[in-house]
Every structure is written in C-alpha cells, then in structure tokens.
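Next come the chains, spelled out residue by residue.
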Amino acid sequence: MNQEIKIVAAKTPEEFLEAKKLIIEYVDWLLLKAGPEARMTLSSQNIEKEMETLSRTYSFPDGALFFAWNNGHAVAVAGIKRFNERECELKRMFVQEKCRGLGIGDLLLTECIENAKILNYESIKLDTLAFMKSAINLYIDHGFSEIPAYRHNTHREARFFELDLRKSIDSM
C-alpha cells in the first residue's frame, strides 16, 4: 500500500478542530492503556482548559501544533507549547495505532524540534509514561535525555526527558 504522509501545522479553526479530535482520541487511548491514574494526571495538567485554548496555546510565538495526514486522513498529532521563557514542552504526541511503524512519529518529532529552534527555545521538555517504550526510544534517538521531574505528574510511572537545543545537532 502506497503511503502518502504529510505533516501540517494547524493554523485555521478547521485544522485546530481536526487536531482536537486526535487529542481526544489520544486521551481516550491513554485512559484505556494507563488506567484511572491517567485521569488524575490529565486533570492535574488542566487538559480541559488546554482543549479550550488550543489555538492560543499552540500558536506562534509560543508554540505550534502539527498533525500528520496519511492518504488524506488525519492520523497523528504533536505540539510544542511554552513552559517558560527559555523552555517549551512537547505535548499530546499521538499516532493512531493503525499507522504506527510508518515513521510518522519521527516526522512529527522532527517538525516539533525544528520549530522549537525557530521559536528560539533552549530546550524541549516532556513527560511520558514508562509503558510507552516506542515513544521513549524515539525521544532518545533524537537526543533527549532522562531528567528528574520538572513538573508535577501524579502517575507513578511518569518519566521525564529533555533535549538541549543549544547543543542539539539533529542527525535526521
């Protein structure tokens, strides 16, 4: 099957709505895989407000939201948003299960890293859960290092990573 994958930055209300649908799918998937503890984590990260303010939170000059199209269908999402003056966070990275293994996560992560550099961030931080082994391997392959907790995360399997963009040379 011929795969036509395209990464698009959300800019229009329709594109942010498409991204929102994918984030809702991600949240449902996360709750299924990570159990009730994930609900507390999402709540503590104020997911409801984030969903209401997607177009402000994930837009220039503070961030960006990307989604991947595969053969005309939106199948993946990832964003960067301001954490503080010098650092951004990688958030809501999700690839639909039927599209995993096609390199879409790699394309999205590369796009997020490049945009974080354009926005003059010095580092990208992220939190994830230990069971997301493929995602963790992808982060490490892109130069992320595990760090101590930088934010409150109520999930007992939370892991934290950072990419220093000042010394990062993306080999992709």
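Scroll up to find the structure this text is about.
This text gives an overview of the structure that appears in the document.

### Description of the pattern of salt bridges
Pairing of side chains with opposite charge becomes possible as their charged atoms draw close.
And then number 1: Going through the model one piece at a time under the given rule, you end up with 14 salt bridges.
And then number 2: For the salt bridge of Glu 37 with Arg 156, the shortest nitrogen-to-oxygen distance reads 2.2 Å. With Glu 37 in helix α2 (residues 36–44) and Arg 156 in the loop between β6 (145–147) and β7 (158–164), the pair connects residues that are 119 residues apart, well separated along the chain.
And then number 3: You can call Arg 156 exposed: its relative accessible area is 67%.
And then number 4: Here Glu 122 and Arg 166 are joined by a salt bridge, their closest N and O atoms 3.5 Å apart. Of the two residues, Glu 122 sits in the loop between α5 (104–118) and β5 (123–129) while Arg 166 sits in the segment after β7, which places them 44 residues apart along the sequence.
And then number 5: Sharing partners across several salt bridges, the network here consists of Arg 86, Glu 122, Asp 164 and Arg 166.

### Description of the packing of helix α1 (residues 13–34) against α2
And then number 1: One way to put it is that α1 packs onto α2 with a least axis distance of 6 Å and a crossing angle of 135°. When the axes of α1 and α2 are compared, the pair comes out oblique. Contacts between α1 and α2 involve Val 27, Leu 30, Leu 31 and Ala 34 from the former and Pro 36, Glu 37, Ala 38, Arg 39 and Leu 42 from the latter.

### Examining α1
And then number 1: Across its 22 residues, α1 extends 31 Å between first and last C-alpha, which sits within 8% of the 32 Å expected from 1.5 Å per residue.
And then number 2: All buried positions along α1 are accounted for by Phe 16, Ala 19, Leu 22, Ile 23, Tyr 26, Val 27, Trp 29, Leu 30, Leu 31 and Ala 34.
And then number 3: A positive phi of about 80° marks Gly 35, the residue just after α1.

Conventions adopted
Every chain begins its residue count from 1, and numbering advances along the sequence as written. Note on the predicted model: pLDDT of at least 70 is required for a residue's local features to be given, and 80 or more for side-chain atom pairs to be given and counted; whole-chain, interface and lining totals, by contrast, use all residues. Calculation of side-chain values draws on the structure's entire complement of heavy atoms; hydrogens and water are dropped beforehand. One side-chain nitrogen of Lys or Arg within 4 Å of one carboxyl oxygen of Asp or Glu is enough to make a salt bridge. Secondary structure elements follow DSSP: runs of H or I of four or more residues count as helices, runs of E of two or more count as strands, with numbering from the N terminus. Relative accessibility under 20% of the residue-type maximum defines a buried residue, over 50% an exposed one, and the middle range a partly exposed one, all with a 1.4 Å probe and only protein chains included. Fitting a line to C-alpha atoms yields each axis, with helices limited to the stretch in contact; the angle taken between N-to-C directions then spans 0 to 180 degrees. By the definition adopted for this analysis, an angle is roughly parallel if under 35 degrees, roughly antiparallel if over 145, roughly perpendicular if from 65 to 115, and oblique otherwise. Residue contacts are counted whenever heavy atoms from the two residues lie within 4.5 Å of one another. For a helix, the expected span equals 1.5 Å multiplied by the residue count minus one.

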